[in-house]
Protein chains: 2
Amino acid sequence: MNNHIVKSYDDEQRVLLDELIRMGQMSVSQLEAALDVVERRDDKAAERVIGNDEAIDALEQQVNHDVIRLIRRGPLAGDLRVILAALRVASDIERIGDLAANIAKRSMALNLAPPLPHTRGLDALGRMAARQVRDVLDAYVARDGEAALRVRASDAELDTLYTGLFRELLTYMMEDARAITPCTHLLFMAKNLERIGDHATNIAENVWFLIHGEELMPPRDKRDDTNSVVV
Amino acid sequence: MNNHIVKSYDDEQRVLLDELIRMGQMSVSQLEAALDVVERRDDKAAERVIGNDEAIDALEQQVNHDVIRLIRRGPLAGDLRVILAALRVASDIERIGDLAANIAKRSMALNLAPPLPHTRGLDALGRMAARQVRDVLDAYVARDGEAALRVRASDAELDTLYTGLFRELLTYMMEDARAITPCTHLLFMAKNLERIGDHATNIAENVWFLIHGEELMPPRDKRDDTNSVVV
């Protein structure tokens, strides 16, 4: 659209940021919709969430396209940072969208079994992950490095909640063999939420890069411990 | 090193490709080492694999740094494609390295329980994933779009093997509650291998992008079905 009108460099950068913001909002909506779908056991709504993921993928394609156009115009050093950060943030948002859609998809497998009481923990984890994504996107738009650091620091809480849920689900599986299949889906859904937290952390690191260039972020606490869980 | 010597643009591009090749080789070695570690139940070797992941991360940092330098020199359109593909391929290789290290990490949890007969399927899946990565890296270096298409097409086989292993592990868990914790780790290890296949596919798409620009790859078969598995 409007390819025949030559936009100014600043206008093109503005368009890029708008696309990123839109992508980010869509990914948070998709995540929240996926969590609702799990609670409500609503297959129709799950299918809608799965279908909506395409729009995020299409926006990422658009961002990639616009990034190439911008780089071809020969950006200054600071602008180049903005552009490369946009490229990476778009890729993380796209993955968040994928993971949200996957949660919706797995909810349909959950709905083939009787309702489980174990989806509460998943919901709490999901709400925390959604807040992380929302906060880091705000930090990105505001170019607020301190807020980005806070999001990254909160990832440890998300990991703790995830590890607790992981252990809890394993014990349910041991108590009742019929819970094994649905709880396995819940384990993977929980893992998706933990990964969404990692993508929020990646975005936080890109906010830092935007402001400070290649200078490293201060060190932080380590991530999830479920790799070594034995119940 | 040698920062005081101004390299030619072509030399810098060559350095970038060498770094990518080195990263790629390291990620395949790490994956193969992780698979050996699972078979041999060797915690010491697992720790080495985990520790080696840092070197891949450091190389990705170097690639990112070199990409910024190259873009600042004002690349031509074709070169820009090479540079952006390098950026994305480096990110996929880095994730392959992470996933391999995570397999090594989980093997240590497996080693706390008696040996399971179920690691054979994992090994077969892992060897196939390693071959995918090796083949796609060869296609990348040779800029062979047809070879990249073949790697992407083979991802469906990897997914089929993964789905079979997923179902198999669920049945073991149902038969014996003591198998639940180790089999859960095996499920996540298998998922890591399936994800490595996805990263190989991403690299294949970047080989295509290198040759054909933003033109889309031909459509292909869909991915793993474990999202809806009910046993």
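Each chain has its residues counted from 1, following the order in which its sequence is written. For this description, chains carry letters from A and ligands carry numbers from 1, given in the order in which they are written. Given that this is a predicted model, residues contribute local features only at a pLDDT of at least 70 and side-chain atom pairs are listed and counted only at 80 or more, while totals for whole chains, interfaces and linings are drawn from all residues. Only hydrogens and water are set aside; all other atoms, that is, all heavy atoms of the structure, feed into the side-chain values.

A run of H or I in DSSP becomes a helix once it reaches four residues, and a run of E becomes a strand once it reaches two; helices and strands are each numbered from the N terminus. Scanning chain A for helices and strands turns up six helices and zero strands. For chain A, the α and β elements follow one another from N to C terminus as α-α-α-α-α-α. With the radius of gyration taken over C-alpha atoms, the globule rule is written as 2.2 Å times the number of residues to the power 0.38. Taking 2.2 N^0.38 as the reference for a compact globule, 231 residues should give roughly 17 Å; the C-alpha atoms of chain A span a radius of gyration of 19 Å, in line with that estimate. With respect to the principal axes defined by its C-alpha atoms, chain A has extents near 65 × 40 × 20 Å. Burial analysis of chain A (231 residues in total) assigns 54% to the buried set. Here a residue-residue contact requires only that any non-hydrogen atoms of the pair lie within 4.5 Å. When contacts within chain A are restricted to residue pairs at least 6 apart in sequence, long-range pairs at least 24 apart make up 85% of them. Seen as two clouds, the 29 positive and the 39 negative side-chain charges of chain A have centres 2 Å apart. Only protein chains enter the accessibility calculation, which uses a 1.4 Å probe; a residue whose area is less than 20% of its type maximum is buried, one above 50% is exposed, and one in between is partly exposed. Residues counted as positive are Lys and Arg, residues counted as negative are Asp and Glu, and His and the chain ends are not counted. Just so you know, the charge point we use is NZ for Lys, CZ for Arg, CG for Asp and CD for Glu.

Before going further, it helps to spend a moment on the relation of the copies chain A and chain B. When chain A is fitted to chain B, the best match, at an RMSD of 0.0 Å, comes from turning it 180° and sliding it 0.0 Å along the axis. Taken together, the turn and the small shift mark the pair as related by a two-fold rotation axis. Ranked by how close their C-alpha atoms come to the rotation axis, the residues of chain A are headed by G74 of chain A, at 3.1 Å. With an isologous cut-off of 70% or more, the 100% of interface residues of chain A that recur at the interface of chain B puts this contact in the isologous class. For the least-squares superposition of copies, only C-alpha atoms count, and only for residues with pLDDT at least 70 in both.

Before going further, it helps to examine the packing of helix α3 (residues 77-110) of chain A against helix α2 (residues 43-72) of chain B. It is at 11 Å that the axes of α3 of chain A and α2 of chain B come closest, and there the two elements cross at 130°. Here α3 of chain A is positioned oblique relative to α2 of chain B, judged by the angle of their axes. Between α3 of chain A and α2 of chain B lies a crossing whose hand is right-handed. Here α3 of chain A contributes A77, L80, L84 and R88 of chain A to the contact with α2 of chain B, which in turn contributes N64, I68, I71 and R72 of chain B. Considered class by class, the residues forming the contact of α3 of chain A with α2 of chain B number five nonpolar, one polar and two charged. Angles shown run from 0 to 180 degrees and are taken between the N-to-C directions of axes, each axis being a line fitted to C-alpha atoms and, for helices, limited to the stretch in contact. Our angle categories are set so that under 35 degrees counts as roughly parallel, over 145 as roughly antiparallel, 65 to 115 as roughly perpendicular, and the remainder as oblique. Handedness of a helix crossing follows the sense of rotation of the near helix relative to the far helix, less than a right angle counterclockwise being left-handed and clockwise being right-handed. Only Asp, Glu, Lys and Arg are considered charged in this grouping, and only Ala, Val, Leu, Ile, Met, Phe, Trp, Tyr, Cys and Pro are considered nonpolar; every other residue, Gly among them, is considered polar.

Right, let's talk about the packing of aromatic side chains for a bit. Note on aromatic pairs: each is described by the distance of the centres and the angle between the planes. Only Phe, Tyr and Trp rings take part, Trp by its six-membered ring, and two of them pair if their centres are within 6.5 Å. Stacked means planes under 30 degrees apart, edge-to-face means over 60, and tilted covers everything else. Evaluation of the coordinates by the stated rule reveals five aromatic pairs over all chains. Judged by centre distance (5.8 Å) and plane angle (45°), the ring pair of F166 of chain A and F188 of chain B falls under tilted. A residue pair is termed interchain when its members come from two chains, as with F166 of chain A in helix α5 (residues 145-175) and F188 of chain B in helix α6 (residues 180-212). Judged by centre distance (4.7 Å) and plane angle (20°), the rings of F188 of chain A and F188 of chain B are stacked. In this pair, F188 of chain A is assigned in helix α6 (residues 180-212) and F188 of chain B in helix α6, connecting two distinct chains. Judged by relative accessible area, F188 of chain B falls into the buried class, the value being 3%. Here the aromatic residues Y162, F166 and F188 of chain A together with Y162, F166 and F188 of chain B are joined through ring pairs into a cluster of three or more. The ring of F209 of chain A carries the charged tip of R88 of chain A above its face, separated from the ring centre by 4.6 Å. Comment: the charge-over-ring label is applied if NZ (Lys) or CZ (Arg) is within 6 Å of the ring centre and within 35 degrees of the ring normal.

This brings us to the interface of chain A and chain B. Between chain A and chain B, the contact holds 38 residues from the first and 38 residues from the second. A combined buried area of about 3500 Å² lies between chain A and chain B, and 64% of that area is made up of carbon and sulfur atoms. Any Lys or Arg side-chain nitrogen located within 4 Å of an Asp or Glu carboxyl oxygen qualifies as a salt bridge. Inspection of the region where chain A meets chain B yields zero salt bridges. Contacts described as polar in this section are N or O atom pairs within 3.5 Å, which, within protein, must combine one atom able to donate a hydrogen with one able to accept it, while residues neighboring in sequence count only if both atoms come from side chains. At the surface where chain A touches chain B, the tally comes to six residue pairs in polar contact (both at pLDDT 80 or more). At the level of elements, α2 (43-72), α3, α5 and α6 of chain A are the ones that each hand at least two residues to the side of chain A that touches chain B. No other element matches the 10 residues that α3 of chain A contributes to the side of chain A that touches chain B. Classifying every residue of the side of chain A that touches chain B gives 21 nonpolar, nine polar and eight charged. Here the buried area means the combined drop in accessible surface, using a 1.4 Å probe, for two parts upon being joined, counting both sides.

Let's shift gears to the side chain of T163 of chain B. All names here are of chain B. Considering the arrangement of structural elements, one finds T163 in helix α5 (residues 145-175). Classification of T163 by relative accessible area gives buried; the value is 11%. Once you skip the residues sitting within four places of it in the chain, T163 turns out to touch D224, D225, T226 and V229.

Another aspect to go through is helix α1 (residues 9-40) of chain A. One less than the residue count of a helix, multiplied by 1.5 Å, gives the span that helix is expected to have. With 32 residues, α1 of chain A extends 46 Å between its outermost C-alpha atoms, agreeing within 8% with the 46 Å of an ideal straight helix rising 1.5 Å per residue. R41 of chain A sits one or two positions beyond α1 of chain A and adopts a positive phi of about 50°.

Okay, the UniProt feature "domain: PhoU" (unreviewed entry) in chain A next. UniProt positions are given in the numbering used here, feature names are shortened, and annotations may be inferred rather than shown by experiment. UniProt records the feature "domain: PhoU" (unreviewed entry) for residues 20-106 and 125-207 of chain A in the present numbering. For residues 125-207 of chain A, the helix share is 93%, the strand share is 0%, and the end-to-end C-alpha distance is 24 Å.

Another point: the pattern of salt bridges. Working definition: two side chains of opposite charge can pair if their charged atoms are close together. Per the counting criterion, the structure on display carries 24 salt bridges over all chains. Residue R120 of chain B is joined to E39 of chain B by a salt bridge in which the shortest nitrogen-to-oxygen separation is 2.9 Å. With R120 of chain B in helix α4 (residues 119-142) and E39 of chain B in helix α1 (residues 9-40), this pair connects stretches of sequence that are 81 residues apart. Overall, R120 of chain B belongs to the exposed group, its relative accessible area being 57%. When its relative accessible area of 28% is taken as the criterion, E39 of chain B is described as partly exposed. Several salt bridges share partner residues, and in doing so they unite E12, R69 and R73 of chain A into one network.

To continue, consider the packing of α4 of chain B against α6 of chain B. Residue and element names in this part refer to chain B. At their nearest, the axes of α4 and α6 sit 9 Å apart, and the two run at 15° to each other. The angle between α4 and α6 places the two elements in the roughly parallel class. As α4 packs across α6, the resulting crossing turns out to be left-handed. For the pair formed by α4 and α6, the contact residues are T119, L122, L125, G126, A129, Q132, V133, V136, A139 and Y140 on the first element and L186, M189, A190, L193, I196, A200, I203, A204, V207 and L210 on the second. Tallied by class, residues from the contact of α4 with α6 come to 17 nonpolar, three polar and no charged.

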